[in-house]
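Breakdown of the fold
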Amino acid sequence: MKKVLTGCAVAVATLFALNASAYEAGSAGGGKVAGKVSFKGAPASKKLPITKDNAVCGSGDREIVEINAKGGNLAGAVVYVAKVDKGKPWGELEKPVLDQKGCRFAPDVMVVKKDAELTIRNSDPVMHNIHTYEIIGAVRRTMFNVGQPDKGDMKQPIKMRRANVVKIECDAHDFMHAWAFTADNPYAAVTKEDGSFSLDGLPDGDYEVKAWHPMLGEKSATVKVSGGGAASATFEFAK
Ligand SMILES: [Cu+2]
């Protein structure tokens with residue numbers, strides 16, 4: 001009994017510690033951070049053979065794009081504000097949807113609110129088996145591993161222990177791959193085809209802004225948002 005109580009006390013203390021630093025969703029600020037993520041080097045992809053369910057998944061090889069860069073612009077990076085105490089509501093990040101269609105995850109890079117429920121959609125008449133891993137440094141920890149034999153939606157919580165990065169795979173089709181970044185606040189977005197991003201509704205303040213890419217790591221910049229204006233940030237990756 002004593003042991004159980006000690007465990008509870010630690011859990012409660014941890015909960016308070018987490019709450020103390022939690023983001024408070026309220027009203028949006030008037031400022032924003034916008035800019036571009038660029039990449040110096042060659043785009044990269046790998047090809048994996050499509051070995052089953054060919055009528056739905058296609059035939060030949062599936063191209064997995066690892067570095068999606070055109071004209072030096074990097075798409076598929078996540079730009080986020082490292083720490084914000086309060087600001088705009090969570091919006092779409094609170095109700096993320098991951099589709100499986102033609103045996104592809106869509107989107108292949110997504111931002112979700114940390115601890116949000118992920119809607120996992122099977123749009124295919126074949127079974128998928130979503131398997132998620134929390135990426136903690138060089139370690140990957142299974143979060144959930146669930147078969148989805150029928151078309152339709154199911155929900156699973158994104159419960160992170162320590163990290164912000166989730167690798168998503170399908171155990172039925174080893175050529176299906178995607179990534180999720182779990183955000184501590186709603187100021188996070190995936191860069192578009194032209195490498196651009198815009199994080200709006202930001203209150204005035206000094207911020208650290210980071211750009212993360214599954215293959216290229218992370219870069220950091222500092223910005224100042226004042227008078228509800230726009231600050232700019234640029235990031236350059238190279239390989
Ligand atoms: Cu699958």
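Predicted model only: the values in this text are computed from it and were never measured. (Residues numbered from 1 in each chain as written. Predicted model: local features only at pLDDT ≥ 70, side-chain atom pairs only at ≥ 80, totals over all residues.)

**Points about the overall build of the chain**
Counting its secondary structure elements, the chain contains two helices and 21 strands. Relative to the compact-globule value of 18 Å for 239 residues, the chain shows a C-alpha radius of gyration of 19 Å, a close match. With the C-alpha coordinates aligned to their principal axes, the bounding extent of the chain is approximately 60 × 55 × 30 Å. A total of 239 residues make up the chain; the buried ones form 32% of that total. Long-range pairs, those at least 24 residues apart, make up 65% of the contacts in the chain between residues at least 6 apart in sequence. (Helix = DSSP H or I, 4+ residues; strand = E, 2+ residues; numbered from the N terminus. Rg over C-alpha atoms; globule rule 2.2 N^0.38 Å. Buried ≥ 20, exposed ≤ 12 C-beta atoms within 10 Å, placed from the backbone. Contact = placed C-beta atoms within 7 Å.)

**Examining the nonpolar core**
General note: in soluble globular proteins, nonpolar side chains tend to be found buried as a group. Val 33, Val 78, Val 79, Val 111, Phe 181, Ala 188 and Leu 199 are the most contacted members of the largest nonpolar core, which has 53 residues in total. Of the residues forming this core, the biggest block, five residues, is contributed by strand β16 (residues 177-183). (Core = buried A, V, L, I, M, F, W, Y, C linked by C-beta atoms within 7 Å.)

**Here we look at the sheet that holds β16**
Read from one edge of the open sheet, five strands run β10-β16-β15-β12-β13, paired in mixed fashion. The open sheet has two edge strands with one neighbour each: β10 (109-113) and β13 (139-148). Adjacent strand axes in the sheet meet at a mean angle of 25° when their direction is disregarded. Looking at chain direction, strand β12 (residues 128-136) and strand β15 (residues 165-170) are connected through six bridges and run antiparallel. When the sheet's bridge partners are listed, Thr 132 is paired in β15 with Ile 168. (Pairing = 2+ DSSP bridges. Axes fitted to C-alpha atoms, helices over the stretch in contact; angles between N-to-C directions.)

**Some details on the pairing of β12**
As paired elements, β12 and β13 share nine bridges and run antiparallel to each other. Considered in β13, the bridge of Ile 135 is made with Arg 140. Taking the residues between adjacent antiparallel strands as the criterion, β12 and β13 are bridged by two residues, where Gly 137 takes a positive phi near 60°.

**Let's talk about the pairing of strand β4 (residues 61-70)**
As judged from the six bridges shared by strand β3 (residues 44-49) and β4, these two strands associate in the antiparallel manner. The residue of β4 that forms the bridge with Lys 47 is Glu 63. Relative to strand β5 (residues 73-75), β4 runs antiparallel, the two being bridged by three bridges. Residue pairing for β5: Lys 70 is matched across the bridge by Asn 73. Hairpin connection from β4 to β5: two residues lie between these consecutive antiparallel strands, with Gly 71 at a positive phi of about 60°.

**Quick look at the sheet that holds strand β11 (residues 117-122)**
Strand order in the open sheet formed by four strands is β9-β8-β11-β14, and the pairing between neighbours is mixed. With one partner strand each, in any of the chains shown, β9 (104-106) and β14 (152-157) form the two edges of the open sheet. Strand-to-strand twist of the sheet, defined as the mean angle between neighbouring strand axes without regard to direction, takes the value 25°. As paired strands, β11 and β14 are joined by six bridges and run antiparallel to one another. By the bridge assignment for β14, Glu 117 is matched with Pro 157.

**Looking at the environment of Leu 118**
Mapped onto the elements of the fold, Leu 118 is located in strand β11. Looking at Leu 118, the number of C-beta atoms within 10 Å reads 24, which means it is buried. It is 8.3 Å that separates the C-alpha atoms of Leu 118 and Met 154, two residues lying 36 residues apart in sequence.

**Notes on the environment of Gly 87**
Looking at the secondary structure, you find Gly 87 in strand β7 (residues 86-87). Expressed as a C-alpha distance, the spacing of Gly 87 and Gly 30, which sit 57 residues apart in the sequence, is 9.9 Å. Excluding anything up to four places from it in sequence, Gly 87 contacts Gly 26, Ala 28, Gly 29, Asn 185, Tyr 187, Gly 201, Leu 202 and Pro 203.

**A closer look at the confidence of the model for the chain**
With 91% of its residues at a pLDDT of at least 70, the chain reaches an overall mean of 93. With pLDDT under 50 throughout, residues 12-20 is counted as low confidence; its partners more than four residues away or in other chains account for zero contacts. (pLDDT = per-residue confidence, 0-100.)

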